[in-house]
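Structural description and commentary
Each chain, letter by letter, is given below.
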Amino acid sequence: MSLYTLSKLLYTLNRDDGAKARFKADAHAFTQDFVLTDEERQAIVNRDIGLLYVLGVNGQILMHFGALCGLEWSDYLQRMRDGVKDHGPVRAGIYAMTTGIDEKVAGA
Amino acid sequence: MTLVFTGVCSHAPGITGRSERATQAQRDGLYGAFAEMRVALEATKPDAIILLAAEHFANFFMNNMPAYALGMGAVYEGPIEDPEWLRIPKRMAKGDPDLSLRIIKEMLNSVDVAYCEEWQFDHGIMVPLHFLDPNNELTIIPGNINCQGPPLTPLHRAWAFGEAIRRAADAVPERIALVATGGISHWPATPDSGRINEDWDRDFLDRWLANDKDRLLDYTDAATYAEGGQGGFEIRTFIAAAAAAGGRGTLHFYEPIPIFAVGCTVATMEIV
């Protein structure tokens, strides 16, 4: 419903150590500060990189969330590909996928 | 005094964060070019360096997005990213609020630029600084052009912004260096990461090296997105640097390095 709010949550999380601590302690409680759809909230709570990508989160925001979740680079890229496979094409924003789902462009 | 140095370079986080996944030759070539740029920069004895970046939501967000911003802080902290992930240790870089103030005041005569007494550096500034100022000795003035969250500033305004930087650098008694950082074509942080349009990059570099204003400004965002990806919007920082320097460029390094997600570029430009 609100890609802006979803992105704002991730932006806050990426740059604020206090927010990171609250998120790690109780991710669901952390999301209550933001008006999200159930799908968006679940994507955050489940650290579902693939769905967040399909929902349209800018990669420059999502990349840092991936790092926060401890994802290695190749794994981060693969989760986005898997997201498109599971949920269909990117729904919003400017970070739509332009290569094939199984095409590993960076060799990663 | 005047603008004493102008350079452009890539800033992709993989350059440091995934360094071991490039080949030795790629790494040596790129790191060597950065090292040469550092020597050239130091030789101009700058009192301060304006690092013009295209930051990635470290400070600016769609709630209040400036098209242009310049730092006016006494200190700046970075990287905002996990230092282990980026493999660049945290530092407190020193600024010069008084110098920033004088530069910004002069620039405001022709361009609207937001001033920022707080600024956290992300990889867009930290990767170049890691190579160009490894010992954290330089005085830094961060600058930014919004290249991430559309609507974006038109290219002719990026040119005007570069002209304003030059006028301000010439108006203050200090020696000012300018390093602009950005990608040419790239599709960063997406499954397309590693896609690089070398032909498009080389065509852009031809225009940049010739400092051909008409051809540098002859891109639409739609065409850039199609040919150069989201990361291609960052050509704005290179365009501003060309406007500031006014001369011809010299390409020191260009090579597509997919695991770094960009055609890695190091170039300088003559100041006329």
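Just so you know, these numbers come straight off a predicted model, no measurement behind them. (Residues numbered from 1 in each chain as written. Chains lettered and ligands numbered in written order. Predicted model: local features only at pLDDT ≥ 70, side-chain atom pairs only at ≥ 80, totals over all residues. Heavy atoms only, no water.)

With respect to the overall build of chain B
What counts is decided by this rule: Counting from the N terminus, the helices are DSSP H or I runs at least four residues long and the strands are E runs at least two residues long. Only C-alpha atoms enter the radius of gyration, while the globule expectation follows 2.2 Å times N to the 0.38, with N the number of residues. Note on exposure labels: buried denotes an accessible area under 20% of the residue type's maximum, exposed denotes more than 50%, and partly exposed covers the range between, all computed with a 1.4 Å probe on protein chains only. Whether two residues touch is decided by their heavy atoms; if any such pair falls within 4.5 Å, the residues are in contact. Areas reported as accessible are Shrake-Rupley estimates using a 1.4 Å probe. Residue values count occlusion only from the protein chains shown. For the purpose of counting charges, residues Lys and Arg are taken to be positive, whereas Asp and Glu are taken to be negative. His and the chain ends are not included. Each charge is placed at NZ for Lys, CZ for Arg, CG for Asp and CD for Glu.
Along its length, chain B carries 10 helices and 10 strands. The globule rule puts the C-alpha radius of gyration for 272 residues at 19 Å, and the 17 Å found for chain B is close to it. Taken along its principal axes, the extent of the C-alpha atoms in chain B is 45 × 40 × 40 Å. Put simply, chain B has 272 residues, and 64% of those count as buried. Sequence-distant contacts in chain B: of pairs separated by 6 or more residues, those separated by 24 or more amount to 81%. In the form shown here, chain B has an accessible surface area of approximately 9500 Å², with 50% of it arising from carbon and sulfur atoms. A gap of 2 Å separates the mean positions of the 22 positive and 36 negative side-chain charges of chain B.

Topic: the confidence of the model for chain B
Residues shown with low pLDDT carry predicted positions that ought not to be read at fine detail. Defined as follows: As a per-residue measure, pLDDT reflects the predictor's confidence and takes values from 0 up to 100.
Confidence in the prediction of chain B, expressed as mean pLDDT, is 97, and 100% of residues score 70 or more. Per the prediction output, this complex has pTM 0.96; the corresponding ipTM is 0.90.

Digging into the pairing of strand β3 (residues 68–71) of chain B
Residue and element names in this part refer to chain B. Applicable threshold: Note on pairing: two strands pair once DSSP finds at least 2 bridges between them.
Of the two faces of β3, the one lined by Tyr68 and Leu70 and the one lined by Ala69 and Gly71 are each fully buried. With 3 bridges joining them, β3 and strand β7 (residues 140–145) adopt antiparallel strand pairing. What sits directly across from Ala69, in β7, is Asn144.

Quick look at the state of the cysteines
Residues and elements named next belong to chain B. Which entries qualify depends on this criterion: Whenever a pair of cysteine sulfur atoms sits within 2.5 Å, that pair is classed as a disulfide.
Per the counting criterion, the structure on display carries 0 disulfides over all chains. Between Cys9, a free cysteine, and Cys264, which holds the nearest cysteine sulfur, the sulfur-to-sulfur gap is 10 Å. A relative accessible area of 0% places Cys9 in the buried class.

So, unusual backbone geometry
Residues and elements named next belong to chain B. The peptide bond linking Gly78 to Pro79 adopts the cis configuration, its omega dihedral lying at 0°. For Pro79, the location among the structural elements is in the loop between β4 (75–78) and α3 (83–86). With an omega of 5°, the peptide bond between Pro150 and Pro151 qualifies as cis. With respect to the element layout, Pro151 can be found in the loop between β7 and α6 (155–171). Its identity as a non-glycine residue notwithstanding, Arg87 has a phi of 60°, on the positive side. Position of Arg87 relative to the elements: it lies in the loop between α3 and β5 (91–94). We note that Asn136 has phi near 55°; this positive angle belongs to a residue other than glycine. For Asn136, a relative accessible area of 27% corresponds to the partly exposed category.

Thoughts on the side chain of B:His11
Residues and elements named next belong to chain B. We apply this condition: Throughout this description, a polar contact denotes any pair of N or O atoms lying within 3.5 Å of each other; where both atoms belong to protein, one of them has to be capable of donating a hydrogen while the other can accept it, and for residues adjacent in sequence the pair is counted only when both atoms sit in side chains.
Relative to the helices and strands, His11 resides in the loop between β1 (2–9) and α1 (14–17). His11 sits in the buried class, given a relative accessible area of 4%. At 3.3 Å, the side chain of His11 and the side chain of His56 are in polar contact. In this structure the side chain of His11 is engaged in a polar contact, spanning 2.6 Å, whose partner is the side chain of Thr181. Look past the residues within four positions of His11 in its chain and what remains in contact with it is His56, His123, Gly124, Val127, Pro128, Thr181, Gly182 and Glu234.

Re the nonpolar core
Heads up, the condition is: Only buried Ala, Val, Leu, Ile, Met, Phe, Trp, Tyr and Cys residues count toward a nonpolar core, and they belong to the same one when joined by side-chain atoms within 4.5 Å.
Counting residues in each nonpolar core, the largest one holds 80 residues, and the members touching the most others are A:Leu62, A:Phe65, A:Tyr76 and B:Phe121. With residues up to four places along the chain from it excluded, the contact list for B:Phe121 reads B:Tyr76, B:Glu77, B:Gly78, B:Pro79, B:Ile80, B:Glu81, B:Ala93, B:Met126, B:Leu129, B:Ile140 and B:Pro142.

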